[in-house]
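Each chain is listed here by its residues.
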Amino acid sequence: RGMGEIRNAMADAVPAIHRDKFSSGEFEKLAGRVQGQIDYVTANCKLPEAADHQLHVVLEQILDGIAAMKADKGRDQGAVKIVQALDLYGAHFNHAGWKKLKH
């Protein structure tokens, strides 16, 4: 559920980010929304060790993206980092109905 919610949050935001119509406040809100889902995923993770390790690689990239979206500069690059992490997630996990984000 959590990874799907992160994907949905980013899918909602990407068009405005591409048009430079995403404010610093919106980046802050998006970062909080994504962080909430990261918290959910980590609290409810019950994967085998190898899969858990791979998921944590993805989550670390998302956390880096969150930090960038909260910074004074490079917020859009933080969003890019999260979208790339979601692509990596889709490549490594069999998530029913998962679709790669257009970016």
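Residues numbered from 1 in each chain as written. Predicted model: local features only at pLDDT ≥ 70, side-chain atom pairs only at ≥ 80, totals over all residues. Heavy atoms only, no water.

S.K.: Which parts of the structure should I look at to understand the overall build of the protein chain?
M.R.: Broken down by element type, the protein chain carries 4 helices and 0 strands. Its helices and strands taken in sequence order, the protein chain reads α-α-α-α from the N to the C terminus. Overall, the C-alpha framework of the protein chain stretches about 40 × 25 × 15 Å when taken along its three principal axes. Out of the 103 residues in the protein chain, the part that is buried amounts to 37%. Approximately 6200 Å² of the protein chain is accessible, and the part contributed by carbon and sulfur atoms is 49%. In the protein chain, which carries 14 positive and 13 negative side-chain charges, the distance between the mean positions of the two groups comes to 7 Å. (Helix = DSSP H or I, 4+ residues; strand = E, 2+ residues; numbered from the N terminus. Buried < 20%, exposed > 50% of the residue type's maximum accessible area, 1.4 Å probe, protein only. Areas by Shrake-Rupley, 256 points an atom, 1.4 Å probe, with all protein chains shown as cover. Lys, Arg positive; Asp, Glu negative; His and termini not counted. Charge placed at Lys NZ, Arg CZ, Asp CG, Glu CD.)

S.K.: How should I be thinking about the nonpolar core in this particular structure?
M.R.: General note: in soluble globular proteins, nonpolar side chains tend to be found buried as a group. Counting 30 residues, the largest nonpolar core has Met-3, Met-10, Val-34 and Ile-62 as its most contacted members. Elements with a contribution of two residues or more to this core: α1 (2–18), α2 (24–44), α3 (49–70) and α4 (75–92). Ignoring any residue separated from it by four or fewer positions in sequence, one finds Met-3 in contact with Val-41, Leu-55, Val-58, Leu-59, Ile-62, Leu-86, Tyr-89, His-95 and Trp-98. (Core = buried A, V, L, I, M, F, W, Y, C linked by side-chain atoms within 4.5 Å. Contact = heavy atoms within 4.5 Å.)

S.K.: I would appreciate a short explanation of the confidence of the model for the protein chain in the present structure.
M.R.: The predicted coordinates should not be examined in detail at positions where pLDDT is low. Per-chain confidence: the protein chain averages 93 in pLDDT, with 99% of residues scoring 70 or above. Averaged over each element, pLDDT in the protein chain is lowest for α3 (94) and highest for α2 (96). (pLDDT = per-residue confidence, 0-100.)

S.K.: What should I look at first to understand the packing of aromatic side chains in this one?
M.R.: Both the distance between ring centres and the angle between the ring planes are used here to describe each pair of aromatic rings. Within the structure shown, the criterion is met by 3 aromatic pairs. A centroid spacing of 5.1 Å and a plane angle of 20° characterise the contact between Tyr-89 and Phe-93, whose relative ring orientation is stacked. Taking relative accessible area as the criterion, Tyr-89 reaches 8% and is therefore assigned buried. For Phe-93, a relative accessible area of 17% puts it in the buried group. Judged by centre distance (4.8 Å) and plane angle (70°), the ring pair of Tyr-89 and Trp-98 falls under edge-to-face. Judged on exposure class, the residue Tyr-89 and its partner Trp-98 are both buried. Site record: aromatic cluster; members linked through ring pairs are Tyr-89, Phe-93 and Trp-98. For Arg-1, the ring lying beneath its charged end belongs to Tyr-40, and the centroid distance is 4.0 Å. (Phe/Tyr/Trp six-rings, centres within 6.5 Å; stacked < 30°, edge-to-face > 60°. Lys NZ or Arg CZ within 6 Å of the ring centre and 35° of its normal.)

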